[in-house]
Amino acid sequence: MRRLNKALLLASGLSLGLGIGGHASVTKLCNGFLPPNEMKIPVGDHSHIGKSKNAAGITEAQYNAIMDRIQKLYADVVKAKGGKLVINRLWSDATVNSSAEQQGTNWVINMYGGIARHPDITVEGEALVACHEMGHHLGGAPKISSPFGGGAWATNEGGADYFATLKCLREFFAQDDNGTILPSMTIDPLAKKDCAAQFADVGDQNICMRISKSAESVSYLFQDLSQQTTRPKFDTPDTTEVARTNDDHPATQCRMDTYFGGSLCPVAVSAQLSDTDFKQGSCVQGTDPVGFRSRCWFQPEPQGGGTGGGTCPLGDQSLCDIICQQFPQLPFCSK
Ligand SMILES: [Zn+2]
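Numbering of residues starts from 1 in every chain and runs along the sequence as written. The predicted origin of the model limits local features to residues at a pLDDT of at least 70 and limits the giving and counting of side-chain atom pairs to 80 or more, whereas totals for whole chains, interfaces and linings rest on all residues.

A. Structural detail: the overall build of the protein. For the purposes of this entry, the term helix denotes a DSSP run of H or I that reaches at least four residues, the term strand denotes a run of E that reaches at least two, and both are numbered from the N terminus. From N to C terminus, the protein includes 10 helices and three strands. Listed by position from the N terminus, the elements making up the protein come as α-α-β-β-β-α-α-α-α-α-α-α-α. A total of 335 residues make up the protein; the buried ones form 47% of that total. Remark: residues whose backbone-derived C-beta atoms lie within 7 Å of one another are considered to be in contact. Considering only contacts within the protein whose residues lie at least 6 apart along the sequence, 70% involve residues at least 24 apart. Every C-beta atom is placed from the backbone, and the number of other C-beta atoms within 10 Å of a residue's own sets its class: buried at 20 or more, exposed at 12 or fewer, partly exposed in between.

Structure follows, in structure tokens:
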């Protein structure tokens, strides 16, 4: 009986974090694009050099154009799911990061100007950052499997990265004349070859190559922030395979691999992702030769926590079983 009481108490706590049972106005977790860091880039600061030649961050006008397009792309999508998309345009904020949160029915992304002013960030990179934050809201499984952190509403970090290049950037860049834009860019030879192999349509190939520039921009930012000497590249994938899904920010090369994978998956943008079945709307290892979620952060087997849920966060499966009878929609209840 004490066990049951404990489980119900825990379940009641969980409901606060998930907006179940009339606590819809509770503020929930923020998920940064980057791990917490001390870098600040105020407006007008040109002291940061970065690794990319010819790059100096983006302008305020470019930043606003990106946010306008994200707002147009996703306002109705969020509305259809019962939310209201709120993009906080924090251009003057020096923080080198971004985040997502849900406050009641407001689905918020916080887009700080500091990251947009980093020299490694291009228009392509900033669009990826915004798409990553949308991915926390819309990226489906796998969700963050740590309800006590209040983040169970959110797609995990690797999943948000995957959503960015699998879905969001494709729609974003589809509005551009990529045939005119791409000739001024140097496209990585492997990205060029794989984009051509995966997509028959030239327009789709161009979008795929444009996404490779997004992946390079933010991966070079990761390298700069973590002061790594090894340059992340498309042809040096992270070959580690996790035993359990990592909900946190993957390592630099691993994140680049995820972006590349998403860009190469030929599943249609219109194929919906699912909050409970990671296979829907995406590429799957064993079925698709490329384009699936990278194994350096994702474990697709149920016992590895990759089915969109994850393992019991309480360290006691019998407690989780009791909670799951009451709240089967909790992420760790899907097997
Ligand atoms: Zn994130």
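B. Looking closely at the confidence of the model for the protein. pLDDT: the predictor's confidence for each residue, scored from 0 to 100. On average, residues of the protein carry a pLDDT of 85, and 77% of them reach 70 or more. Contacts from residues 1-28, a stretch scored under 50 in pLDDT, to residues over four places away or in other chains number 40 contacts. Low confidence marks residues 304-309, where pLDDT is under 50. Its contacts with residues over four positions away, or in another chain, come to 36 contacts.

C. Quick peek at the nonpolar core. By convention the nonpolar core is taken to be a set of buried residues drawn from Ala, Val, Leu, Ile, Met, Phe, Trp, Tyr and Cys and joined through C-beta atoms within 7 Å. Core analysis: the largest hydrophobic core is formed by 61 residues, its most contacted members being Ala127, Ala130, Cys131, Met134, Ala164 and Leu169. Sequence-distant contacts of Ala130, defined by excluding residues within four places in its chain, comprise Ile66, Met67, Ile70, Ile109 and Met111.

D. Summary view of the sheet that holds strand β2 (residues 98-103). Read across the sheet, three strands follow the order β1-β3-β2 without closing on themselves; strand pairing throughout is mixed. One side of each edge strand has no neighbouring strand; the edge strands of this open sheet are β1 (84-90) and β2. When strand polarity is set aside, the average angle formed by the axes of neighbouring strands in this sheet is 20°. When DSSP finds at least two bridges between two strands, those strands are taken to pair. Both β1 and strand β3 (residues 106-112) contribute to a ladder of seven bridges, which runs parallel. Considered in β3, the bridge of Ile87 is made with Ile109. Strand contacts of helix α4 (residues 123-138): β2 and β3, with the helix running at about 30° to β2, the strand carrying the most contacts. Think of each axis as a best-fit line through the C-alpha atoms, taken over the contacting stretch in the case of a helix, with angles from 0 to 180 degrees between the N-to-C directions.

E. The environment of Asp93, seen in detail. Examined against the element boundaries, Asp93 turns out to sit in the loop between β1 and β2. Taking the number of C-beta atoms within 10 Å as the measure of exposure, Asp93 has 19 and is therefore partly exposed. The spacing of Asp93 and Pro42 is 51 residues in sequence and 6.6 Å in space, taken between C-alpha atoms. Discounting chain neighbours no more than four positions away, the residues touching Asp93 are Tyr112, Gly113 and Gly114.

F. Representation of the environment of Cys168 within the structure. As for its position among the elements, Cys168 is in helix α5 (residues 157-173). C-beta crowding within 10 Å serves as the criterion here: with 27 such atoms nearby, Cys168 is assigned to the buried category. The spacing of Cys168 and Ile70 is 98 residues in sequence and 8.7 Å in space, taken between C-alpha atoms. Setting aside residues no more than four positions away along its own chain, Cys168 makes contact with Cys131, Met134, Gly135 and Phe163.

G. Expanded view of the packing of α4 against helix α8 (residues 202-225). In contact at an axis separation of 7 Å, α4 and α8 are set at 80° when each is read in the N-to-C sense. One way to sum up the angle between α4 and α8 is to call them roughly perpendicular. The residues of α8 that touch α4, namely those facing Glu124, Gly125, Ala127, Leu128 and Val129, are Arg210, Lys213, Ser214, Ser217, Val218 and Leu221. For the contact of α4 with α8, the class distribution of residues is five nonpolar, three polar and three charged. What sets the label is the angle itself: under 35 degrees gives roughly parallel, over 145 gives roughly antiparallel, 65 to 115 gives roughly perpendicular, and the rest give oblique. Residues are sorted three ways: Asp, Glu, Lys and Arg are charged, Ala, Val, Leu, Ile, Met, Phe, Trp, Tyr, Cys and Pro are nonpolar, and all the rest, Gly among them, are polar.

H. Representation of unusual backbone geometry within the structure. Residue Ala141 is joined to Pro142 through a cis peptide bond whose omega torsion reads 0°. Note on placement: Pro142 falls in the loop between α4 and α5. Within the chain, Gln227 stands out as a residue other than glycine whose phi angle is a positive 50°.

I. Highlighting α8. Multiplying 1.5 Å by the helix residue count minus one yields the expected span of that helix. Look at α8: 35 Å from first C-alpha to last across 24 residues, which is about the 34 Å you get at 1.5 Å a residue. The buried fraction of α8 is high, at 19 of 24 residues. Just past α8, the residue Gln227 takes up positive phi, approximately 50°.

J. Region of the structure containing the packing of α8 against helix α9 (residues 252-264). Between α8 and α9, the shortest axis-to-axis distance is 9 Å and the interhelical angle comes to 170°. Judged by the angle between their axes, α8 and α9 are roughly antiparallel. Contacts from Cys208, Ile211, Ser212, Ser214, Ala215, Ser219, Phe222 and Gln223 in α8 reach Thr252, Arg255, Met256, Tyr259, Phe260, Ser263 and Leu264 in α9. Here the contact of α8 with α9 is built from residues that sort into eight nonpolar, six polar and one charged.

K. Up close: α5. Taking 1.5 Å of rise per residue, 17 residues should cover 24 Å, and α5 covers 22 Å from first to last C-alpha, within 8% of that figure. Bend, at a single residue, is the angle you get between axes fitted to the 7 residues ending at that residue and the 7 residues starting at it. Of all bends in α5, the biggest is about 45°, found at Ala164. Counting buried residues in α5 gives 16 out of 17 residues, a clear majority hidden from the surface.

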